[in-house]
Amino acid sequence: SQTIHQWPATLVQPVGSPLSLECTVEGTSNPNLYWYRQAAGRGLQLLFYSVGIGQISSEVPQNLSASRPQDRQFILSSKKLLLSDSGFYLCAWLDRDTDTQYFGPGTRLTVL
Amino acid sequence: AQSVSQHNHHVILSEAASLELGCNYSYGGTVNLFWYVQYPGQHLQLLLKYFSGDPLVKGIKGFEAEFIKSKFSFNLRKPSVQWSDTAEYFCAVSPNSGYSTLTFGKGTMLLVSP
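Computed from a predicted structure; not experimentally measured.

A. View of the state of the cysteines. Scanning all chains against the criterion turns up two disulfides over all chains. One disulfide bridge connects cysteine 23 of chain A with cysteine 91 of chain A, the sulfur atoms lying 2.0 Å from each other. Residues cysteine 23 of chain A and cysteine 91 of chain A are joined through a disulfide that is left-handed, its torsion about the S-S bond being -75°. Taken together, the residues span a long stretch of sequence, with cysteine 23 of chain A in strand β3 (residues 19-26) and cysteine 91 of chain A in strand β9 (residues 87-95) at a distance of 68 residues. Judged by its relative accessible area of 0%, cysteine 23 of chain A falls in the buried class. Through a disulfide, cysteine 23 of chain B is tied to cysteine 91 of chain B; the S-S separation comes to 1.9 Å. One disulfide, between cysteine 23 of chain B and cysteine 91 of chain B, carries an S-S torsion of -65° and so falls in the left-handed class.

As structure tokens, then:
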């Protein structure tokens, strides 16, 4: 069966520091992968999605970037964090057979 | 671009009460519709979904939702809630074509008191 992992689970970073969040999926190949963010008082917002290695689409222009160096690995990065980057970051993969996304456990990021 | 509106941000019910959470969406084409739930300390998980066919869909744990195309609505219902239904509920839509990206509502926090 498929499993999705995210790490770290929680992270506290100072403003201006870099960021790297990792997401990996097991049990499937060439999945569509997605990064979402849930900020306080807001719903989940799509940040990036990827349909294959090296293919990244950005939905919201911002301080973040994404990369997909391997088939089942999706990385969210920032060179310099802002206070507004605080939130709960979720990674998801798409089951193409059912056209349904399944989510990882998330990373709670606090920028101070 | 599509948008999703959830009517209530917080709902408080007593056990055995009936539940209906409203969801309306805005999109010019055909959509797939989802309800996800996040129980305290757990992953966001799929509750139910509608793609086509019978507009009344049943999900896990006794939940159901009805798609009303003319109202662009996909309301979630449960006849009798339990304390274990305390969670945050998210309505989401994705275009029927494309890369299956999801647009979520802001969520409804449901608190069920025993």
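Here the narrative resumes, following the displayed structure.
B. Just the side chain of threonine 108 of chain B, in detail. All names here are of chain B. Position of threonine 108 among the secondary structure elements: in strand β12 (residues 108-113). Only 2.4 Å separates the side chain of threonine 108 from the backbone oxygen of asparagine 8, close enough to count as a polar contact. Beyond its immediate chain neighbours, meaning those up to four positions away, threonine 108 contacts Gln6, Asn8, His9, Val11, Leu21, Ala87, Glu88 and Tyr89.

C. Representation of the environment of serine 52 of chain B in the model. On the secondary structure map, serine 52 of chain B appears in the loop between β6 (44-50) and β7 (56-58). Assessed through its relative accessible area of 59%, serine 52 of chain B is described here as exposed.

D. Molecular detail of the interface of chain B and chain A. Counting residues at the interface gives 18 residues for chain B, matched by 22 residues for chain A. The interface formed by chain B and chain A includes zero salt bridges. Counting across the interface, chain B meets chain A through nine residue pairs in polar contact (both at pLDDT 80 or more). Elements with a contribution of two residues or more to the side of chain B that touches chain A: β5 (31-38), β6 and β10 (87-95) of chain B. Tallying contributions element by element places β5 of chain B first for the side of chain B that touches chain A, with four residues. Taken together, the residues of the side of chain B that touches chain A break down into nine nonpolar, six polar and three charged.

E. Quick look at the nonpolar core. By size, the foremost hydrophobic cluster in this structure holds 28 residues, and its most contacted members are Leu33, Trp35, Leu48, Phe74, Leu76 and Tyr89 of chain B. Counting 20 residues, the second largest nonpolar core, distinct from the first, contains Trp35, Leu47, Trp93 and Leu109 of chain A.

F. Seen up close, the packing of aromatic side chains. Taken as a whole, this structure holds 17 aromatic pairs over all chains when the rule is applied. Aromatic side chains tyrosine 36 of chain A and phenylalanine 103 of chain A sit 5.5 Å apart centroid to centroid with 50° between the ring planes, which places their arrangement in the tilted category. With a gap of 67 residues between them, tyrosine 36 of chain A in strand β4 (residues 33-38) and phenylalanine 103 of chain A in strand β10 (residues 100-103) connect regions that are remote in the sequence. An identical accessibility class is assigned to tyrosine 36 of chain A and phenylalanine 103 of chain A; each is buried. When the centroid spacing of 5.6 Å and the interplanar angle of 90° are considered together, the rings of tyrosine 36 of chain A and phenylalanine 104 of chain B count as edge-to-face. You can see tyrosine 36 of chain A sitting in strand β4 and its partner phenylalanine 104 of chain B sitting in strand β11 (residues 103-104), one on each of two chains. Tyrosine 36 of chain A sits in the buried class, given a relative accessible area of 0%.

About the criteria used
Residues numbered from 1 in each chain as written. Chains lettered and ligands numbered in written order. Predicted model: local features only at pLDDT ≥ 70, side-chain atom pairs only at ≥ 80, totals over all residues. Heavy atoms only, no water. Disulfide = S-S within 2.5 Å. Helix = DSSP H or I, 4+ residues; strand = E, 2+ residues; numbered from the N terminus. Buried < 20%, exposed > 50% of the residue type's maximum accessible area, 1.4 Å probe, protein only. Polar contact = N/O pair within 3.5 Å; in protein donor to acceptor, adjacent residues only side chain to side chain. Contact = heavy atoms within 4.5 Å. Salt bridge = Lys/Arg side-chain N within 4 Å of Asp/Glu carboxyl O. Nonpolar A, V, L, I, M, F, W, Y, C, P; charged D, E, K, R; others polar. Core = buried A, V, L, I, M, F, W, Y, C linked by side-chain atoms within 4.5 Å. Phe/Tyr/Trp six-rings, centres within 6.5 Å; stacked < 30°, edge-to-face > 60°.

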